[in-house]
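Commentary on secondary and tertiary structure
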Amino acid sequence: MTLLKDCKLILKNKKVIIIGAGIAGLTAAMKLSTSGVNVEVYEQHEKPGGKIRYFKSKAGPIDAGPTVLTMHKVFEDLFNSCGHNINENLDFIKEEIIARHWWRDGSTLDLYSSFEKNFEEIKKFAGHKSALEFEKFNKFSESLFDFFKDPIIMSPKPKIFPLFLNSFVYLKLLKELLIKNKNLYNYLNESFSDYRLKQLFSRYSTYVGGSPFMSPSILSLIWNVECRGVWRVKGGMYNLAKEIEAIAKKSNAQFFYKSKVKKILMKNNKIEGIELDNSRVIHSNTVIFNGDPKALLDGLVGKDVKKAVSTKNVQKRSLSAYVWSFSAKTKGLKLRHHNVLFNKNYKNEFEDIKKGEIPKDPTLYICAQGNNNDPYPKENVLGRFEIIINGSPISLNKTYNKQKEYTKCKEITFSILESMGLKIDLKPSEEMLTTPKEFDLMFPGSQGSLYGRTPHGITSTFMRPMNRNKIQGLLLVGGGTHPGAGVPMACLSGRHAAEMILKDLSLI
Ligand SMILES: Cc1cc2nc3c(=O)[nH]c(=O)nc-3n(C[C@H](O)[C@H](O)[C@H](O)COP(=O)(O)OP(=O)(O)OC[C@H]3O[C@@H](n4cnc5c(N)ncnc54)[C@H](O)[C@@H]3O)c2cc1C
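Because the structure is a prediction, the values reported are computed rather than measured.

Let us look at the nonpolar core. Within soluble globular proteins, side chains that are nonpolar generally end up buried alongside one another. Counting 130 residues, the largest nonpolar core has Ala-29 and Ile-288 as its most contacted members. When residues of this core are assigned to domains, at least three fall in each of domain 1 (2-50 + 239-315 + 455-504) and domain 2 (114-227).

Let us now look at helix α11 (residues 238-250). Along an α-helix, residues three or four apart share an orientation, since each turn contains 3.6 residues. Its 13 residues give α11 an end-to-end C-alpha distance of 18 Å, which sits within 8% of 18 Å, the value for a rise of 1.5 Å per residue. Every buried residue of α11 is accounted for by Tyr-238, Leu-240, Ala-241, Glu-243, Ile-244, Glu-245, Ile-247 and Ala-248. In this fold, the buried residues of α11 make contact with α2 (23-34), β2 (38-42), β3 (54-55), β8 (231-233) and β9 (254-256). Of the residues one or two after α11, Asn-252 is the one with positive phi, at around 75 degrees.

With that out of the way, let us pick up the domain arrangement of the protein. Entries for the protein in the domain assignment read domain 1 (2-50 + 239-315 + 455-504) and domain 2 (114-227). A C-alpha centroid distance of 33 Å is found between domain 1 and domain 2. At the interface, 15 residues of domain 1 touch 17 residues of domain 2. Elements that contribute at least two residues to the side of domain 1 that touches domain 2 include exactly α17 (460-463) and α18 (487-504). Of the residues contributing to the side of domain 1 that touches domain 2, the split by class is seven nonpolar, eight polar and no charged.

Let us look at the sheet that holds strand β11 (residues 270-276). Spatially, three strands are ordered β10-β11-β12 in an open sheet, and the strand pairing comes out antiparallel. Across the chains shown, the open sheet's two edge strands, defined by having one partner strand only, are β10 (261-267) and β12 (281-283). On average, each strand axis in the sheet is inclined to that of its neighbour by 30 degrees, with strand direction left out of account. Across six bridges, the pairing between β10 and β11 is antiparallel. Residue pairing in the sheet places Lys-263 in a bridge with Glu-275 of β11.

As summarised here, the arrangement of the five strands in space is β9-β2-β1-β13-β20, forming an open sheet in which the pairing is parallel. Where the open sheet ends on each side, the last strands, each with one partner, are β9 and β20 (474-476). Across the sheet, the mean angle separating the axes of adjacent strands is 20 degrees when strand polarity is ignored. Of the strand pairs in this sheet, strand β1 (residues 15-19) and β2 are connected by five bridges, and their pairing is parallel.

On to the packing of α2 against α11, then. Two elements in contact, α2 and α11, have axes separated by 8 Å at closest approach and are oriented at 25 degrees. For the element pair α2 / α11, the angle class is roughly parallel. Along this stretch, α2 crosses α11, giving a crossing that reads as left-handed. Taking contact as the criterion, the partners of Ile-23, Leu-26, Thr-27, Ala-29, Met-30, Ser-33 and Thr-34 in α2 are, on α11, Ala-241, Ile-244, Glu-245, Ile-247 and Ala-248. Per-class residue counts for the contact of α2 with α11 are eight nonpolar, three polar and one charged.

About the thresholds
Residues numbered from 1 in each chain as written. Predicted model: local features only at pLDDT ≥ 70, side-chain atom pairs only at ≥ 80, totals over all residues. Core = buried A, V, L, I, M, F, W, Y, C linked by C-beta atoms within 7 Å. Buried ≥ 20, exposed ≤ 12 C-beta atoms within 10 Å, placed from the backbone. Domains from an automatic or database assignment. Helix = DSSP H or I, 4+ residues; strand = E, 2+ residues; numbered from the N terminus. Expected span 1.5 Å × (residues − 1). Contact = placed C-beta atoms within 7 Å. Nonpolar A, V, L, I, M, F, W, Y, C, P; charged D, E, K, R; others polar. Pairing = 2+ DSSP bridges. Axes fitted to C-alpha atoms, helices over the stretch in contact; angles between N-to-C directions. Parallel < 35°, antiparallel > 145°, perpendicular 65-115°, else oblique. Left-handed = near helix turned anticlockwise from the far one by under 90°.

Below you can see the structure in the form of structure tokens.
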């Protein structure tokens, strides 16, 4: 009885401040509040979600950030662990076709969440030899995921020891990765004879912000994550953020929007609280930071916490993007939810990005979100679209002119669409485009990078900041921290941080 009373008292007095209501901050808020901890979330924008954002349109909300999630089980487990059923208020739709791919020569390829189906499709598309090459690559990707899943991806800290133990089983795999140490594109260049398949499977490194020509071949595992299933959230990805916020609120978490944190306060090398832009001070000895970790190093939340990360944790930067979000009527191409329109010369695209330029001939990713009545776009019916072009993070000494970037990006994007046969009934306006500079403004310290530190280099996985750091009481979460970018990864980092706090309180 006394123990229970003591426990309740600890929880009543324990307050955790969360800076940022991105998916990781929201996850931590839900996990902590449903365990009885007092949670206060301070978010500079007017709503939750961070990069999970939407644009309003005549056809309904358009996803303007992530459009699907993988690793559905991560979310299912999280909700269960908080005493909730993920399907109670959310509808997840597993995409049968994970992506439809298009090339300039008019060829197309659909890929599915089924090896057998993909084998047959690739055989039809590029012949039996290519299908066999795919089979080999698919196995490689699967064993990579199996090898790294528990010790790295799902673990709060990368664990090296299980990797060594397992390495006897996976000797061949490690030889491919470490001894040959090729970049992803070179690996695929040797694995596939058809150029289009080299492009297709190397593009997955861009999902974590890397150029295929500079990312390690270990990122081949992303294909395996993808082919295990991609899910849309009915009504848009923002509904996921809203639902997590709603559960946290029901458990008394408090959310303060339009509340930018100016400083994380410290005393005697310990966290003391935060100071908002309006100079209001809130005390707590535990603060979770969901912003880009580079903001800490840049001193954007005060000098005291700069040492929480080091340069190697946050530099160099991952890719940014030019993102169009609009509603329009289209015809000409039968789009699915995920569509990739490849260019002729993949290398040139990333050479342009390396120079800090908008690629002259980019690959276009189109998410066709249909409308409220129909999940897929129909010819001449108003539908919702998000188009993403990979871009470079902003260079801090370059002048910015939105009008110029918009004009160039519009010309490039819409002339490619037209040349590929997609007719769009739209006058794209400047507000429909989000540029790397605008991402930088939305996510301070990021330089417009959408995935934190670059995944380039074989050791990049070990370079991201962990939840815990040199400063007692400060925990870092989000796509810029371990285990990395993407909605499920950021969610995992939020859950790990919350569980560390609960462990400290002896609550788990
Ligand atoms: C265009 C685009 C498409 C993407 N597509 C996919 C996809 O299909 N699938 C997928 O899994 N992932 C995708 N991603 C990546 C995914 O969106 C991110 O990895 C993930 O959402 C990042 O979450 P986070 O927890 O790091 O928080 P973020 O979304 O980065 O949010 C951080 C929050 O912290 C707030 N904040 C920062 N500093 C302060 C401060 N000082 N005071 C108050 N608040 C502060 C910010 O305002 C922000 O709301 C995409 C990203 C983009 C941009």
